[in-house]
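Chain by chain, the residues:
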Amino acid sequence: MCAIGGILDFNSKGIEEEDLRRMASLMAHRGPDGEGIFRDGNIGLLHRRLAVLDLNDRASQPIRDEASGSVLAFNGEIYNHQELKRKHRFECRTESDSEVLLQGLVKRGLAFLEAVDGDFAFAFWDAPLRQLHLARDRFGVKPLYYALHGNRLLFASEIKALFAGGAETDLNHDLMADYFRFRYVRGESTLFQGIKRLLPAHALTASNNGELRLRPYWKLEEKKSLRTKDFFDSFEAILRESVKLRMRADVAVGATVSGGLDSSTLLALMHKSAPNPLEIYNYEMPGKHSESAFAQEIARAYGCGMNSVQDSESHYQDLAKVLWHLEEPIGDSIISPTFHLYAECRKKMTVCISGEGADEVLGGYVHHRALGFIEQRIRPIPNFLRQGLGNMVGQLPMGLLQKINPYPANLSLDSRLRFRNAIQASSFPRSYLELTSLFSELELGELLHGDIAHSTASRIPPRNRGLFQDSIQEDMDSWLPNYGLLRVDKLSSAHGLEVRVPYLSHHLVELLLSNLISPVDHRDGKKKSLREVARRIGLPA
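As the structure is a computational prediction, the values presented were derived from the model and not from experiment.

Hey, could you run me through the overall build of the protein chain in this one?
Assigned secondary structure in the protein chain consists of 21 helices and 17 strands. In summary, the protein chain has a C-alpha radius of gyration of 24 Å against a globular reference of 24 Å for 541 residues, a match within 12%. Per-residue burial for the protein chain yields a buried fraction of 57% across its 541 residues. Working note: accessible area of the protein chain is about 22400 Å², and carbon and sulfur atoms make up 50% of it. For the protein chain, the centre of its 67 positive side-chain charges and the centre of its 69 negative side-chain charges are spaced 5 Å apart.

Would you take a moment to explain the pairing of strand E9 (residues 152–156) for this structure?
The side chains of a regular strand alternate between both faces of the sheet. Counting buried residues in E9 gives five out of five residues, a clear majority hidden from the surface. In the sheet, strand E8 (residues 145–149) pairs with E9 via five bridges, with the strands oriented antiparallel. By the bridge assignment, His149 is partnered in E9 with Arg152. Between E8 and E9, which follow one another and run antiparallel, lie two residues, and Gly150 among them has a positive phi close to 65°.

Even after reading the chapter, I still don't get the layout of surface pockets, so can you show me in this structure?
Empty space among the atoms becomes visible once a probe the size of a water molecule is rolled across them. Estimates place the volume of the second largest pocket at around 720 Å³. Around the second largest pocket sit 29 residues that line it, and Leu199, Pro200, His202, Asp477 and Ser478 are the ones nearest its centre. For the lining of the second largest pocket, the element with the most residues is helix H19 (residues 467–493), which contributes seven residues. Tallied by class, the residues present in the lining of the second largest pocket amount to twelve nonpolar, six polar and eleven charged.

Whenever I open this one, the side chain of Arg152 confuses me. Can you help?
Relative to the elements of secondary structure, Arg152 occurs in strand E9. Judged by its relative accessible area of 17%, Arg152 falls in the buried class. Once residues lying within four places of it in the same chain are set aside, the contact partners of Arg152 are Ile7, Leu8, Asp9, Phe10, Gly14, Ile15, Asp19 and Ala147.

How should I be thinking about the environment of Leu20 in this particular structure?
Within the secondary structure, Leu20 sits in helix H1 (residues 17–25). Its relative accessible area of 0% is what places Leu20 among the buried residues. Residues within four places of Leu20 in sequence aside, it is in contact with Gly6, Ile7, Ile15, Ile37, Phe38, Arg39, Gly44, Leu45 and Leu46.

Can you walk me through the side chain of Asp470 in this structure?
Relative to the elements of secondary structure, Asp470 occurs in helix H19. Look at Asp470: it is buried, it has no salt bridge, and the nearest opposite charge is Arg463 at 5.5 Å. Within the structure, Asp470 has its side chain in polar contact with the backbone nitrogen of Arg465 (distance 2.9 Å). For Asp470, the residues in contact, after removing those within four places along its chain, are Phe428, Pro462, Arg463, Asn464 and Arg465.

Would you mind showing me how to read the pattern of salt bridges here?
Charged atoms that come close allow side chains of opposite charge to pair. Tallying each qualifying case throughout the model produces 38 salt bridges. When the shortest N-O distance is used, the salt bridge between Lys85 and Glu95 registers 3.7 Å. Pair noted here: Lys85 is in helix H2 (residues 81–88) and Glu95 is in the loop between H2 and helix H3 (97–108), with a separation of ten residues, a long-range link. For Glu95, a relative accessible area of 48% translates into the label partly exposed. Between Arg463 and Glu474 there is a salt bridge whose closest N-O contact spans 2.9 Å. Remark: Glu474 occurs in helix H19 and Arg463 occurs in the loop between helix H18 (453–458) and H19; sequence separation between them is eleven residues. For Arg463, a relative accessible area of 25% gives the class partly exposed. If you follow the salt bridges from partner to partner, you end up with Lys229, Asp233, Glu236, Arg240, Glu532, Arg535 and Arg536 in one network.

I keep staring at the packing of helix H6 (residues 228–246) against helix H20 (residues 506–514) and nothing clicks. Help me out?
Two packed helices can be described by the angle between their axes and the distance between those axes. Running from N to C, H6 and H20 point in directions that differ by 160°, and their axes come no closer than 9 Å. By the angle between their directions, the pair H6 and H20 is classed as roughly antiparallel. Here the hand of the crossing between H6 and H20 comes out left-handed. Contacts between H6 and H20 pair Phe231, Ser234, Phe235, Ile238 and Leu239 from the former with His507, Leu508, Leu511 and Leu512 from the latter. The residue makeup of the contact of H6 with H20, split by class, is seven nonpolar, two polar and no charged.

Before we go on, may I ask you to explain the packing of aromatic side chains in this structure?
A ring pair, where both rings are aromatic, is described by two values, the distance of the centres and the angle of the planes. This structure, assessed with the given rule, holds 15 aromatic pairs. Measuring from ring centre to ring centre gives 5.4 Å for Tyr179 and Phe180, while their planes differ by 70°; the resulting arrangement is edge-to-face. On the basis of relative accessible area, Tyr179 is assigned to the buried category, the value being 16%. Residues Phe231 and Phe235 carry aromatic rings whose centres are separated by 5.9 Å and whose planes lie at 45° to one another, so their mutual orientation is tilted. Placement of the pair is Phe231 and Phe235 together in helix H6, with a separation of four residues, close to one helical turn. This pair shows no difference in class: Phe231 is buried, exactly as Phe235 is. When the ring centre of Trp218 is taken as reference, the NZ or CZ atom of Arg138 above it lies at 5.5 Å. One cation-aromatic arrangement involves Lys160 over Trp324; the distance from NZ or CZ to the ring centre is 4.2 Å.

Any chance you could explain the environment of Phe74 here in plain terms?
When you line up the elements, Phe74 lands in strand E5 (residues 71–78). Here Phe74 is in contact with Cys2, Ile4, His47, Gln61, Asp97, Ser98, Leu101, Phe120, Ala121 and Phe122, once residues within four sequence places are set aside.

Honestly, H6 in this entry has me stumped. Any pointers?
In an α-helix, one turn spans 3.6 residues; hence positions three or four apart end up facing the same way. The end-to-end C-alpha distance of H6, which contains 19 residues, comes to 27 Å, matching closely the 27 Å that a straight helix rising 1.5 Å per residue would cover. Within H6, the full set of buried residues consists of Phe231, Phe232, Phe235, Glu236, Leu239, Ser242, Val243, Leu245 and Arg246.

Even after reading the chapter, I still don't get the pairing of strand E11 (residues 202–207), so can you show me in this structure?
The element E11 is extensively covered by neighbouring structure, given that six of its six residues are classed as buried. Residues His202, Leu204 and Ala206 of E11 are buried on one face, and the alternating residues Ala203, Thr205 and Ser207, pointing to the opposite face, are buried as well. As judged from the five bridges shared by strand E7 (residues 131–136) and E11, these two strands associate in the antiparallel manner. Along E11, the bridge assignment pairs Ala135 with Ala203. Strand direction decides the pairing type here: E11 and strand E12 (residues 212–216), joined by five bridges, are antiparallel. Its bridge partner lying in E12, Thr205 is registered against Arg213. Between E11 and E12, which follow one another and run antiparallel, lie four residues, and Gly210 among them has a positive phi close to 95°.

The rules behind each value
- Residues numbered from 1 in each chain as written.
- Predicted model: local features only at pLDDT ≥ 70, side-chain atom pairs only at ≥ 80, totals over all residues.
- Heavy atoms only, no water.
- Helix = DSSP H or I, 4+ residues; strand = E, 2+ residues; numbered from the N terminus.
- Rg over C-alpha atoms; globule rule 2.2 N^0.38 Å.
- Buried < 20%, exposed > 50% of the residue type's maximum accessible area, 1.4 Å probe, protein only.
- Areas by Shrake-Rupley, 256 points an atom, 1.4 Å probe, with all protein chains shown as cover.
- Lys, Arg positive; Asp, Glu negative; His and termini not counted.
- Charge placed at Lys NZ, Arg CZ, Asp CG, Glu CD.
- Pairing = 2+ DSSP bridges.
- 1 Å grid on protein atoms, 1.4 Å probe; cavity = no way out; pocket = protein on both sides within 12 Å on 5 of 7 lines; lining within 4 Å.
- Points joined across faces, edges and corners; volume = space filled by probe spheres on them.
- Nonpolar A, V, L, I, M, F, W, Y, C, P; charged D, E, K, R; others polar.
- Contact = heavy atoms within 4.5 Å.
- Salt bridge = Lys/Arg side-chain N within 4 Å of Asp/Glu carboxyl O.
- Polar contact = N/O pair within 3.5 Å; in protein donor to acceptor, adjacent residues only side chain to side chain.
- Axes fitted to C-alpha atoms, helices over the stretch in contact; angles between N-to-C directions.
- Parallel < 35°, antiparallel > 145°, perpendicular 65-115°, else oblique.
- Left-handed = near helix turned anticlockwise from the far one by under 90°.
- Phe/Tyr/Trp six-rings, centres within 6.5 Å; stacked < 30°, edge-to-face > 60°.
- Lys NZ or Arg CZ within 6 Å of the ring centre and 35° of its normal.
- Expected span 1.5 Å × (residues − 1).

Keep in mind these numbers describe shape, not what the thing actually does.
Shown next as structure tokens:
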């Protein structure tokens, strides 16, 4: 976890070091181990370092290729950098992954990213062509924002650094509907006027004349479906390799474990690769749904140092500080507990392995199961009967409805109407919105004094792969980078902690999305495929 940023002036004016230092100072929490500045005429790059690989000063950034003069400012990790270095016979003066990435970009350009397994956001200054390339990893694990301010392009890992560089601070009122509907903002826009996110798997190329070219460098492609045994063999092998690669570090590596299937499976695989007993952390919430007891059992099974962070009223009293780090608030009561969990993790580790992303790629959320139920049990019914069935569902007692499908009773009485509307909806966007919106269409109209529901639905692509698959792809494209991963990145980087997410290896995601198993096909609920992998590796039942 580092911070990058910079300025490109299209009028060929020089970049003041003071401007770059000011931007960097607001992101010092992301990189407490050093600061670097590069300036060359109308380009300036900055870097705040969290030292994880090659802890020597020689691996500091921005890093320069002596032959071409090109320069890289890089945030993240290239997990397969050792393999890439050997394959391409790169001669490096450091053991860092940043130098491998730099040499690959110098020699092959952005095409080099096809071979990269990593989470990253970077700024690459192609000195011979006087072009700036910004790029972000495939699923948006690492953030990168940019804005045009006068004749300048500003970019940084955090929005507040763009403000320090001169970007406007006006709110984007046009996105209030999206925010109140989803609890976050979708797409490339942010809650701040003129400030954009670089989309996952995209690169932005800026030339000296002010021309900007935004394009995807990777697209998720469906692979051939595998036979059951071959699928489970591949799932286990890829997940093992993903965990192994993500444990590469020259600093302490640990994990957060909830006690659930996702994180426990990762811990079992980490245990096989760890040279020393692992330190793991769990946030203990009160109530009957707490999984802390399971986390304790897993810790004992693998001889881990178990650290429980007790829920405390004091954790909710510094919300202003949490929001300062989030920058764009998200509607989730877990943000304060997560902030304090990561603060405790940082006391014993610099790198933390997390199960984030498993629910998205494995269809683990309740709306995935509800849409899967509608797709397989309701959609085959003729439309005129489906409308009547929806009305009947809206009148069923909650206890009976819970037996039919687990979605409604997990929320509220109003959820019966949402489930009814999802059944009766004629398209995926409408069904998806009914089950994922924070406010109903009527409530949004009253709250924002306008009819905005239709415009929101129209921005969700129809996809037409089936409700279950469409909902997973929608979450991968929008919910995951702009909500789940944003929360993890901002709240961990607040403490100089790097979080790695093995379930988001692009090799694993390609496999899983090509072999989706509908949750309606089995009685034990979500993640049937992960349960089988957990059984294979010997996870305690």
